[in-house]
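Spelled out, the chains give:
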Amino acid sequence: MASLLSSLCGTCGRNYQSLMLRAAKAGGPLSGMVGLAADLGTPVANFILWLTIGAAGLTVIAGLLWFGGHQRQLRRAMADGKVTQQELEQATEHNVWSVSFAFGLVSTVVLCLFMGAQKLAAEEDKGVLATLVPALEQAQKSLFKIEKDVVEVKETTERIETKTDQVLTKLEDMSAVFEQATKGGAIIANATTPAEHYHNARMFELKSDFASARKSYNAYLASGVDFIDPYLAYTDMLKVQDGLEGAREVVAAMRKSTTSTSLEIAAALLLPKEQRIAALKQGVEKHADFAPAVYLLSREFSVEKLGDQTLADKREEKALLEKFRAMDSAGKFQRYVMDKKQAKAWLDDAESRLAKLTAMPAAVLENPVTLSANQSNQGWMLTLGFADYKIKNVEYKLDGAGEFKSTGFANMTNPQTGLPMPSQTIMVATLAPGEHTLEVRYTDMTDKMNGPFVLKLNTAEATLKAGKNMLDMTATSWLSIQNGNVYFTGLLTHRGILKSIRYSFDSEKLDQEFPFSPPKPGEGPYEIGEGLPYLKAPDGLKFVALQLTFVDGSKSEVKKYPAP
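It should be emphasised that the depicted structure is a prediction, and the values quoted were computed from it without experimental measurement.

Enquirer: Please explain the sheet that holds strand 7 (residues 425–428) as it appears in this structure.
Expert: Whenever strands of a sheet pair, they do so through backbone hydrogen bonds, lying parallel or antiparallel. Read from one edge of the open sheet, three strands run 1-2-7, paired in antiparallel fashion. The two strands at the open ends of the sheet, each matched to only one other strand, are strand 1 (369–376) and strand 7. Recorded for the sheet is a direction-independent mean angle of 20° between the axes of neighbouring strands. Judged from the four bridges that link them, strand 2 (residues 379–386) and strand 7 form a sheet pairing that is antiparallel. Each bridged residue has a counterpart across the sheet, and for threonine 383 the counterpart in strand 7 is threonine 425. Strands strand 1 and strand 2 of the sheet are contacted by helix 20 (residues 459–473), whose axis makes an angle of about 80° with strand 1.

See below:
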């Protein structure tokens, strides 16, 4: 090569020989390293070919500029005595075009050798190194898997064509194209529309041709069409093929070049639970018209997802499902799902789950804590009831005073949690007559704080309710007939909730009233008072008819008590 240049270049041939030797020493190893790196990157693109074309182009341009211009001018200048032989030789070795020509020629030769080796020894999409050294193949896949997916999306973006402008602009038409392709059941050759690419991807998956499926999914992604189901199907395939972490890496890389609401939501679903829910909530707030995000978020609180729901989970799920139903009615769901069978499955699932949740009384979901109050001569006992059985701790605050206090724990284990059972009773020594509020909050099995729930307590209403319940349970002993007397003792212990006690002997006329006085201030609620608690029974008494009138005006049933 040096002798050829010498003969071509005449008087400066020796300088070119020296220049080519330097170019070979420096450019040869450098070109070799570039060639090795390009060979390793073969799965992404045929870098060797493009580098060779670039090097050859540089060589041709530099050669034309040097041999066709600069060298000829220098020779004429030397003939006229304007430039000496030494100056010509110096200019030859340091001219930018002569140096570029030398290095370009060396690089072209080295890269041509790599191209020849690839043609002779390399497998397609691998390169020489990965073919000859199997251990490098796995490293090659690990290094270039993500980049390959991204490059395929970018390349396919440039290749995609549409059959009509209408298909591009009307999502309903794409769904129709997809449905028609699905009926055919075959892989579509030369697919061009997003619907066809998605159809092919699913067909390739069924055939376990995951490499082709990935290419078809990438072709769909490049279209930028915002249907959610292809993105979810693609990420599901990635999880199987690359593992969860690999799928996250691929999707994260794609998001750098693809801005899509569907891709954003699909990426959120790959995150750990707490991050996933937070990302989905952010997506719901950010994309107010994207109903699929609402549906997918609702599933995070479903019994199918959790296995065991708390009431807080049920409240969240119900609210999201109701929102999803409203958004679907407003046309904000099905336009984002290409496969209408998939859309129907989601709608059916949402309706089924919502029906189960609606069967639970809304009041229970909104306020799962109930309160019953009973007064005794020692004070008030407030008893709490919980619709959520799996509770870990209960706290309360009475009339907004002070901080929340724990109710403590009963001397038993909660069979639902295996932990000590929180006490559900609160003892209050004194409680002024009138209205009171009790704030209750509790920690459920997921350590989520529920509440506080505000419960109202009216002492008069609580006393009346508790008294009626007690009288219902003791209806057979409101009075007793013995030793010639009719005793009203059992009723008088509840005189605080009674307005009148009417009775009659051997008839149901109820034409007589038993006298009693209401409790005095400071007097115990279950004391019978100062009057006699009985009446003299008439001779030959057969039965006593009795009816109670309560302080709220309601009346009991007429009861009949036979004489012994």
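Enquirer: Which parts of the structure should I look at to understand helix 11 (residues 210–223)?
Expert: In an α-helix there are 3.6 residues to a turn, and that puts residues three or four apart on one side. Helix length check: helix 11, at 14 residues, gives a terminal C-alpha distance of 20 Å against a target of 20 Å (1.5 Å per residue), a fit within 8%. What helix 11 keeps buried is the set Ala213, Arg214, Ser216, Tyr217, Asn218, Ala219, Tyr220, Leu221 and Ala222.

Enquirer: Help me understand the side chain of arginine 495, please; the structure alone is not making it clear to me.
Expert: Mapped onto the elements, arginine 495 comes out in the loop between helix 21 (489–492) and strand 12 (498–505). Overall, the relative accessible area of 1% leaves arginine 495 in the buried class. Engagement of the side chain of arginine 495 in a polar contact is seen with the backbone oxygen of proline 518, the distance being 3.4 Å.

Enquirer: Any chance you could explain the pattern of salt bridges here in plain terms?
Expert: Two side chains carrying opposite charge are able to pair once their charged atoms lie near each other. Counted according to the given criterion, the structure contains 20 salt bridges. Arginine 353 is the salt-bridge partner of aspartate 349, the closest N and O atoms lying 3.0 Å from each other. With aspartate 349 and arginine 353 both in helix 18 (residues 340–359), this residue pair falls four residues apart, about one helical turn. Given the relative accessible area of 5%, arginine 353 is considered buried. Arginine 441 serves as the salt-bridge partner of glutamate 395, at 2.6 Å between the closest nitrogen and oxygen. Here the residue glutamate 395 occupies a position in strand 3 (residues 391–398), and arginine 441 occupies one in strand 8 (residues 435–444), the gap between them amounting to 46 residues. Within the structure, one salt-bridge network assembled from shared partners comprises Arg299, Glu317, Asp349 and Arg353.

Enquirer: Where do I start with the packing of helix 13 (residues 261–268) against helix 14 (residues 273–286) in this structure?
Expert: To characterise two packed helices, one gives the angle between the axes of the helices and the distance between these axes. In contact at an axis separation of 8 Å, helix 13 and helix 14 are set at 160° when each is read in the N-to-C sense. Here helix 13 lies roughly antiparallel to helix 14, going by the angle between them. Two packed elements cross with a definite hand, and for helix 13 against helix 14 that hand is left-handed. On helix 14, the residues touching Glu264, Ile265 and Ala268 of helix 13 are Arg276, Ala279, Leu280, Gly283 and Lys286. Of the residues assigned to the contact of helix 13 with helix 14, the class counts are four nonpolar, one polar and three charged.

Enquirer: Hey, could you run me through helix 17 (residues 311–329) in this one?
Expert: With 19 residues, helix 17 extends 27 Å between its outermost C-alpha atoms, agreeing within 8% with the 27 Å of an ideal straight helix rising 1.5 Å per residue. Listed as buried for helix 17 are Leu311, Ala312, Asp313, Glu317, Lys318, Leu320, Leu321, Phe324 and Met327. The first or second residue beyond helix 17 is glycine 331, which carries a positive phi of 80°.

Enquirer: Where do I start with the nonpolar core in this structure?
Expert: The tendency in soluble globular proteins is for nonpolar side chains to be buried side by side. Judged by nonpolar contacts, the single largest core of 53 residues is most densely connected at Tyr220, Phe324 and Phe333. When residues no more than four places from it in sequence are discounted, the contact partners of phenylalanine 324 are Ala291, Val294, Tyr295, Phe333, Leu347 and Ala350.

Enquirer: Mind showing me how you'd approach the pairing of strand 2 here?
Expert: Two faces, one strand: in a regular strand the side chains alternate between the faces of the sheet. Of all eight residues in strand 2, six are buried, a share of seventy percent or more. Note: strand 1 against strand 2, eight bridges, orientation antiparallel. Across the sheet, threonine 370 pairs through a bridge with glycine 385, a residue of strand 2.

So, how was this worked out
Residues numbered from 1 in each chain as written. Predicted model: local features only at pLDDT ≥ 70, side-chain atom pairs only at ≥ 80, totals over all residues. Heavy atoms only, no water. Pairing = 2+ DSSP bridges. Helix = DSSP H or I, 4+ residues; strand = E, 2+ residues; numbered from the N terminus. Axes fitted to C-alpha atoms, helices over the stretch in contact; angles between N-to-C directions. Contact = heavy atoms within 4.5 Å. Expected span 1.5 Å × (residues − 1). Buried < 20%, exposed > 50% of the residue type's maximum accessible area, 1.4 Å probe, protein only. Polar contact = N/O pair within 3.5 Å; in protein donor to acceptor, adjacent residues only side chain to side chain. Salt bridge = Lys/Arg side-chain N within 4 Å of Asp/Glu carboxyl O. Parallel < 35°, antiparallel > 145°, perpendicular 65-115°, else oblique. Left-handed = near helix turned anticlockwise from the far one by under 90°. Nonpolar A, V, L, I, M, F, W, Y, C, P; charged D, E, K, R; others polar. Core = buried A, V, L, I, M, F, W, Y, C linked by side-chain atoms within 4.5 Å.

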